[in-house]
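Residue strings, one per chain:
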Amino acid sequence: MINLSGQRIFIAGGSRGIGRAAALMAAQAGADVALTYRADADAARAIAREIEALGRRACVIAADVVEPGEITAAVDAAARTLGGLDGLVVSAGIFEGSPIGEMTLEFWNRTMTINLTGTFLAVKAAVPHFRRQASGGSIVIYTSTAGQRGSAVYSAYATSKAGQIMFMRSMALELAADRIRVNCVAPAWTDTDMARGPVDAIGRDKVIAGFPLGRIGQPADVAGATVYLLSDLARFVTGMTLTVDGGKDMRG
């Protein structure tokens, strides 16, 4: 079993979907978990209660990842409450599509701001806490297979996700001397509230047919990869994108 005992993990966007699954699995592995939410306080408190029922500490903070003051204050508050930070998971993001002929500048900028600038701000807020300890830390950023291959209609989303991958690689190089590892997890279609509408529009059976393993991804599939990258089992892994797609794109 992966052991995160004694670790303190901050999850930006941990109240639903993949972030929620990662929060629970990290707690099951022994970590104390802080998570942010933007709108659904009830969902965030519910996941906190589940974490506490596992005997772990939970810290829930309202914060918008695109507001520098809010995300920095949230990270600092989590570090004070938990006594430091050992890991960061960047889960907050949006998944919206628009054909190029209909796409507005406002749509493009919104996608880049939430998905890419939000990632930058969360990482920037967490790094000083990791640098204060000899053990460094681990950063996991949720990108997407769309960021590896491109995507019609979802071009803004795919571009923001590709940007996350390059930012991750850059941070892996920049922060290695501080023993801070930085990696991405790239899911394909995953059964979350955010993806359910687009999947249903395409047709669930058609989407599933594209997976050699014969099913759509589940949040726990991505959470498992996340917990591995946060753990000491991945202590020599940095600058990597771990694709979790059931063999759909066959990417390394």
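This is a predicted model, so every value here is computed, not measured. (Residues numbered from 1 in each chain as written. Predicted model: local features only at pLDDT ≥ 70, side-chain atom pairs only at ≥ 80, totals over all residues. Heavy atoms only, no water.)

Asker: Explain the packing of aromatic side chains to me, and be specific about the residues and the numbers.
Answerer: This structure, assessed with the given rule, holds 4 aromatic pairs. Ring centres of Phe95 and Tyr157 lie 4.7 Å apart, and the angle between their planes is 70°; on these two criteria the pair is classed as edge-to-face. One end of the pair, Phe95, is in the loop between strand 4 (87–90) and helix 4 (105–131); the other, Tyr157, is in helix 6 (residues 155–175), with 62 residues separating them in the sequence. Look at Phe95 and you get buried, because its relative accessible area is 14%. Arranged with centres 5.7 Å apart and planes meeting at 80°, the rings of Phe95 and Trp189 form a pair that is edge-to-face. (Phe/Tyr/Trp six-rings, centres within 6.5 Å; stacked < 30°, edge-to-face > 60°. Helix = DSSP H or I, 4+ residues; strand = E, 2+ residues; numbered from the N terminus. Buried < 20%, exposed > 50% of the residue type's maximum accessible area, 1.4 Å probe, protein only.)

Asker: Can you explain helix 1 (residues 17–28)? Please cite residues and give values.
Answerer: With 12 residues, helix 1 should cover 16 Å at 1.5 Å per step; its first-to-last C-alpha distance of 17 Å lies within 8% of that length. Burial in helix 1 covers these residues: Ile18, Gly19, Ala21, Ala22, Ala23, Leu24, Ala26 and Ala27. If you follow the buried residues of helix 1, they end up packed against strand 1 (8–12), strand 2 (32–37), helix 2 (41–53), strand 5 (137–142), strand 6 (180–187) and helix 9 (219–230). Of the residues trailing helix 1, Gly30 is marked for its positive phi of about 110°. (Expected span 1.5 Å × (residues − 1). Contact = heavy atoms within 4.5 Å.)

Asker: Which residues make up the nonpolar core, and what values do they have?
Answerer: Counting 39 residues, the largest nonpolar core has Phe10, Leu88, Val123, Ile139, Ile141 and Val182 as its most contacted members. Taken together, the elements giving at least two residues each to this core come down to strand 1, strand 3 (58–62), helix 3 (68–82), strand 4, helix 4, strand 5, helix 6 and strand 6. Per element, the largest residue contribution to this core is 8 residues, and it comes from helix 4. Apart from residues no more than four positions distant in its own chain, Ile139 is found in contact with Leu88, Val123, Val127, Phe130, Leu175, Ile180, Arg181, Val182 and Asn183. (Core = buried A, V, L, I, M, F, W, Y, C linked by side-chain atoms within 4.5 Å.)

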